[in-house]
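In case you want the letters, here they are:
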Amino acid sequence: MLHRPLGQTGLQVSVLGLGTGTRFGDPRNQSRADATRLVRAALDLGVNYIDTAPMYLDAEEILGEALDGVPRERFILATKFFPADEHGAPITPAQLRASVERSRQRLRLDTLDVLQLHGLRPHWLAPVMAALGGELEALQREGKFRFLGASETIVEDPRHAMLPLAAPTGRFAVGLIGYSLLSPWAEVAAIPACVRHGVGVVGMVAVRRALRDPAMLQSLIRQAKERGEAGVVDLPDENPLGWLLDGHTPTLAAAGYRFAIAHPAVATVLAGTLSVDHLKADIAAACAPPMPAEQLARVRKIFLRTDPEKWRPFDL
Ligand SMILES: NC(=O)c1ccc[n+]([C@@H]2O[C@H](COP(=O)([O-])OP(=O)(O)OC[C@H]3O[C@@H](n4cnc5c(N)ncnc54)[C@H](OP(=O)(O)O)[C@@H]3O)[C@@H](O)[C@H]2O)c1
């Protein structure tokens, strides 16, 4: 496993991390025993960064069970709290504290390594930090969590406007960013601000659905062509991204993780898999030699000409 520094946290993170989003947290998708097997296999394979959230159904509780008894230094646990109510107003300091306490309890951890504001809309930043900044400092001082992070909302912030606002405040050590070969806009819009301000970058949604479902990919590209989207117009209708496959990239899922980790500022890329076999393949892709420069250039030539408001491969 390769490791990279996570911004200025002093943490060394595995280039592939485990994402435990809603699919992981939904008990209909896997048994507790399978979830534990997946988490233990990930650790054995060298994965040391695990992302979760209270909003991911039972994910925190499942992880708490799976990580019980695992030496604490073997993993870095990042969770979140949702910073606003249903009207978009900041939650109260008491609600923040309750969320953190619940996460600590469900995860069976004294200290959360990374606590992220979940799906922070750009216009929430100022009011949320005004309302919760003091309590966040108190919780950090009390040792409830080590580093503060912010995660984007891939649905409502397709232009990645939040982290360029959050990074310069100096309050955030980690940014969780949507970054995919199908939508590499973050490398222009958000990652440079993170680098400038020492914010560690964690990549998410590198594969999502479009890179594991050929019919979905073809349909997305067909619709984009019909809209006259620049960039994608020259892609073939059949197997439009077949040119990305090679000895190190047997599938488009592998291409997704390999592309995301090719960016030197991305410390770790989350894989939201439920399958140990897929996880092994994803690690192999992330640890393979960097994606060739010609492929990176071609990806950028195509997908950096899309319109991020209309071309939305993440929304699936
Ligand atoms: N706003 C936020 O804070 C936010 C938003 C979204 C996501 N996240 C975090 O980011 C994590 C990653 O996002 P994600 O789960 O959407 O992303 P992802 O890793 O881009 O995609 C996961 C999908 O790819 C499939 N997959 C993985 N490896 C594969 C392989 N080798 N071959 C075929 N299919 C493969 C998985 O299916 P299998 O199970 O079959 O492998 C799953 O359907 C989440 O789990 C969550 O922790 C945070």
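Residues numbered from 1 in each chain as written. Predicted model: local features only at pLDDT ≥ 70, side-chain atom pairs only at ≥ 80, totals over all residues. Heavy atoms only, no water.

(A) The arrangement of the overall build of the protein chain in detail. From N to C terminus, the protein chain includes 12 helices and 10 strands. For 316 residues, the compact-globule estimate of 2.2 N^0.38 gives 20 Å, and the protein chain sits close to it at 19 Å. When burial is assessed residue by residue, the protein chain has 55% of its 316 residues classed as buried. Nonlocal contacts in the protein chain, meaning residues at least 24 apart in sequence, comprise 79% of its contacts between residues at least 6 apart. Of the accessible surface of the protein chain, which amounts to about 13000 Å², a share of 53% is contributed by carbon and sulfur atoms. Once the 35 positive and 35 negative side-chain charges of the protein chain are each reduced to a mean point, those two points are 2 Å apart. (Helix = DSSP H or I, 4+ residues; strand = E, 2+ residues; numbered from the N terminus. Rg over C-alpha atoms; globule rule 2.2 N^0.38 Å. Buried < 20%, exposed > 50% of the residue type's maximum accessible area, 1.4 Å probe, protein only. Contact = heavy atoms within 4.5 Å. Areas by Shrake-Rupley, 256 points an atom, 1.4 Å probe, with all protein chains shown as cover. Lys, Arg positive; Asp, Glu negative; His and termini not counted. Charge placed at Lys NZ, Arg CZ, Asp CG, Glu CD.)

(B) View of the environment of Leu-176. Inspection of the secondary structure assignment puts Leu-176 in strand E8 (residues 174-178). Separated by 13 residues in sequence, Leu-176 and Leu-163 have C-alpha atoms that sit 8.9 Å apart. Ignoring any residue separated from it by four or fewer positions in sequence, one finds Leu-176 in contact with Asp-51, Lys-80, Gln-116, Ala-150, Ser-151, Glu-152, Leu-163, Val-202, Gly-203, Met-204 and Leu-270.

(C) Layout of the packing of aromatic side chains. Counted according to the given criterion, the structure contains 3 aromatic pairs. With a centroid separation of 5.6 Å and 90° between ring planes, the pair formed by Phe-82 and Trp-124 is classed as edge-to-face. Of the two residues, Phe-82 sits in the loop between strand E5 (76-81) and helix H4 (93-107) while Trp-124 sits in the loop between strand E6 (112-117) and helix H5 (125-141), which places them 42 residues apart along the sequence. Among the residues examined, Trp-124 registers a relative accessible area of 9% and is labelled buried. Between Tyr-179 and Phe-259, the ring centres sit 5.3 Å apart and the planes meet at 40°, which makes this aromatic pair tilted. Here Tyr-179, found in the loop between E8 and helix H7 (186-189), pairs with Phe-259, found in helix H10 (residues 252-262); they are 80 residues apart in sequence, far enough to count as distant. Lying over the aromatic face of Trp-243, Arg-298 brings its terminal NZ or CZ to 4.1 Å of the ring centre. (Phe/Tyr/Trp six-rings, centres within 6.5 Å; stacked < 30°, edge-to-face > 60°. Lys NZ or Arg CZ within 6 Å of the ring centre and 35° of its normal.)

(D) Region of the structure containing the nonpolar core. Counting residues in hydrophobic clusters, the biggest one holds 91 residues, and the most contacted among them are Leu-181, Leu-241 and Phe-303. Residue contacts for Leu-181: discarding those within four places in its chain leaves Leu-211, Leu-241, Leu-244, Ala-255, Gly-256, Phe-259, Val-299 and Phe-303. (Core = buried A, V, L, I, M, F, W, Y, C linked by side-chain atoms within 4.5 Å.)

(E) Region of the structure containing the packing of helix H2 (residues 32-44) against helix H3 (residues 59-67). Packing of H2 against H3 leaves a shortest axis separation of 9 Å and a crossing angle of 60°. The handedness of the crossing between H2 and H3 is right-handed. Between H2 and H3, the residues in contact are Arg-32, Ala-35, Thr-36, Val-39, Arg-40 and Leu-43 and Glu-61, Ile-62, Leu-63, Glu-65, Ala-66 and Leu-67, respectively. Looking at side-chain class alone, the contact of H2 with H3 contains 7 nonpolar, 1 polar and 4 charged residues. (Axes fitted to C-alpha atoms, helices over the stretch in contact; angles between N-to-C directions. Left-handed = near helix turned anticlockwise from the far one by under 90°. Nonpolar A, V, L, I, M, F, W, Y, C, P; charged D, E, K, R; others polar.)

(F) Examining the site of the ligand more closely. Close to the ligand lie 26 residues, the nearest being Asp-51, Arg-208, Arg-212, Thr-273 and His-278. A distance of 2.8 Å is found between an oxygen atom of the ligand and a backbone nitrogen or oxygen belonging to Gly-272. Here the ligand has 900 Å² of accessible area as a free molecule, and 87% of this is covered by the chains. In this structure, the ligand is accommodated by the largest pocket. Elements with a contribution of two residues or more to the shell around the ligand: H10, strand E10 (266-271) and helix H11 (276-287). A per-class count over the shell around the ligand returns 11 nonpolar, 8 polar and 7 charged. (Near = heavy atom within 4 Å. Polar contact = N/O pair within 3.5 Å; in protein donor to acceptor, adjacent residues only side chain to side chain. 1 Å grid on protein atoms, 1.4 Å probe; cavity = no way out; pocket = protein on both sides within 12 Å on 5 of 7 lines; lining within 4 Å. Sits in = over half its atoms within 2 Å of the grid points.)

(G) Seen up close, unusual backbone geometry. Backbone geometry places Leu-57, a non-glycine residue, at a positive phi of 50°. By secondary structure assignment, the location of Leu-57 is in the loop between strand E4 (49-51) and H3. On the basis of relative accessible area, Leu-57 is assigned to the partly exposed category, the value being 40%. The residue Asn-239 is not glycine, and still its phi comes out positive at about 45°. Of note, Asn-239 is situated in the loop between helix H9 (214-226) and H10.

(H) Highlighting empty space enclosed by the protein. Enumeration according to the criterion identifies 1 cavity of 30 Å³ or more in this entry. Of the pockets and cavities examined, the largest cavity occupies roughly 80 Å³. As for the largest cavity, its lining consists of Ile-154, Asp-157, Pro-158, His-160, Ser-183, Pro-308, Trp-311, Arg-312, Pro-313, Phe-314 and Asp-315. Classifying every residue of the lining of the largest cavity by side-chain character gives 6 nonpolar, 2 polar and 3 charged. (Points joined across faces, edges and corners; volume = space filled by probe spheres on them.)

(I) Spatial organisation of the pattern of salt bridges. The tally for this structure, following the rule as stated, stands at 23 salt bridges. Linking Glu-61 and Arg-32 is a salt bridge whose minimum nitrogen-to-oxygen distance equals 3.4 Å. Here the residue Glu-61 occupies a position in helix H3, and Arg-32 occupies one in helix H2, the gap between them amounting to 29 residues. Taking relative accessible area as the criterion, Glu-61 reaches 34% and is therefore assigned partly exposed. Using a relative accessible area of 31% as the deciding quantity, one classes Arg-32 as partly exposed. (Salt bridge = Lys/Arg side-chain N within 4 Å of Asp/Glu carboxyl O.)

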